[in-house]
Amino acid sequence: MARYVDGFIIAIPTANVEAYRKLARKAGKVWMEYGALEYVECIADDVKPGKLTSFPQSVKQKPDETVAFSWIVYKSRKHRDTVNAKVMADPRIAGMNPKSMPFDGKRMIFGGFKSIVEF
C-alpha cells in the first residue's frame, strides 16, 4: 500500500534537545490523535558533514547544534491534508509561538513525499 510521508530536517541547539523532545512528544500526540499513522523524531548520531551535501550542511548546522530528522506517515496526500488541517486548528498547536520554539524554523527543510517502494 503506497503511503504519503511528510519529512523534516532541522538544526537544534544541543542545549535545547530536551525542550525539543518535550515539544515533539506533545506534537506527536496531536498528530496521532487526528489520524497520522506514524510520527517519528530522530536526533543525529552518526551524521558527518559531506564534501558536497549532507544533513549538517542542509540546515547550516552550527558547532553547538545537532540535526533532527523527522517524518509523519499518512494513508495518502488527501489524508495528510485532512489530518494537518485538524492539527493546525487544534489549540495545542495553533497556540504555539514560533519565537519560543527550541530551534530556528527558518532553517527547517520539509516536504511531502509519495512512497514508491515499501516493505
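No experiment lies behind these values; they were computed from the predicted model shown.

Engineer: Before we move on, can you summarise the layout of surface pockets with the specific residues and values?
Structural biologist: For the largest pocket, the calculated volume is near 630 Å³. Along the wall of the largest pocket there are 26 residues; nearest its centre are F8, W31, M88, F103 and M108. Secondary-structure elements contributing two or more residues to the lining of the largest pocket are strand 1 (4-13), helix 1 (17-33), strand 2 (38-43), strand 3 (65-74), helix 3 (77-89) and strand 4 (109-114). Residue contributions to the lining of the largest pocket peak at five residues, all from helix 1. When grouped by side-chain class, the residues that make up the lining of the largest pocket number 18 nonpolar, five polar and three charged.

Engineer: Would you mind going over the sheet that holds strand 2 in detail, with residue names and values included?
Structural biologist: In space, the four strands of this open sheet follow the order 2-3-1-4, with antiparallel pairing throughout. Either end of the sheet is taken by a strand with one partner, and the two such strands are strand 2 and strand 4. Between one strand axis and the next, the sheet turns by 15° as a mean value, whatever way the strands run. Note that strand 1 and strand 3 share ten bridges and pair antiparallel. Considered in strand 3, the bridge of V5 is made with V73. Contacts between helix 1 and the sheet are confined to strand 1, strand 2 and strand 3, with strand 2 contributing the most and set at about 170° to the helix.

Quick notes on the rules
- Residues numbered from 1 in each chain as written.
- Predicted model: local features only at pLDDT ≥ 70, side-chain atom pairs only at ≥ 80, totals over all residues.
- Heavy atoms only, no water.
- 1 Å grid on protein atoms, 1.4 Å probe; cavity = no way out; pocket = protein on both sides within 12 Å on 5 of 7 lines; lining within 4 Å.
- Points joined across faces, edges and corners; volume = space filled by probe spheres on them.
- Helix = DSSP H or I, 4+ residues; strand = E, 2+ residues; numbered from the N terminus.
- Nonpolar A, V, L, I, M, F, W, Y, C, P; charged D, E, K, R; others polar.
- Pairing = 2+ DSSP bridges.
- Axes fitted to C-alpha atoms, helices over the stretch in contact; angles between N-to-C directions.
- Contact = heavy atoms within 4.5 Å.

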